[in-house]
Amino acid sequence: MEKIYETIAIIKSAFPDGIDAVYEDLIACLKADFTTQNLAALLAYVCGKEPIVIQNDIEHCDDREGAHEVMEVLVRYGYGKQ
């Protein structure tokens, strides 16, 4: 659970204006590190979407070109160091 809370804090710091513009790239970055349910709960907390909607987005998310840039931002704010 601690990793989830730390990741929420990192996302909020890295994207203080919200994650709408990077939502799908963020899913592509994080889906290997979390179960679908945990990632859906994490993102629901950050963006306010219903977890079931996010679960569907996770299941249909493919690798994305922008995901690399989003991961670089997350790492800059401490992702992977927790």
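Rules of the game
Residues numbered from 1 in each chain as written. Predicted model: local features only at pLDDT ≥ 70, side-chain atom pairs only at ≥ 80, totals over all residues. Heavy atoms only, no water. Phe/Tyr/Trp six-rings, centres within 6.5 Å; stacked < 30°, edge-to-face > 60°. Lys NZ or Arg CZ within 6 Å of the ring centre and 35° of its normal. Disulfide = S-S within 2.5 Å. Buried < 20%, exposed > 50% of the residue type's maximum accessible area, 1.4 Å probe, protein only.

Novice: Can you walk me through the packing of aromatic side chains in this structure?
Specialist: Two numbers describe a pair of aromatic rings. These are the distance of the centres and the angle of the planes. For the structure shown, the criterion picks out 0 aromatic pairs. The residue whose ring lies beneath K3 is F34, and the NZ or CZ to ring-centre distance is 5.1 Å. Sitting over the face of the ring of Y23, K49 holds its NZ or CZ atom 3.7 Å from the ring centroid.

Novice: Explanation requested: the state of the cysteines in the structure shown.
Specialist: Every disulfide links exactly two cysteines, by a covalent bond between their sulfur atoms. Per the stated rule, a full pass over the model turns up 0 disulfides. For the unlinked cysteine C29, the closest cysteine sulfur is that of C61, found at 8.9 Å. C29 gets classed as buried once you look at its relative accessible area, which sits at 9%. On the accessibility criterion, C61 (8% relative accessible area) is buried.

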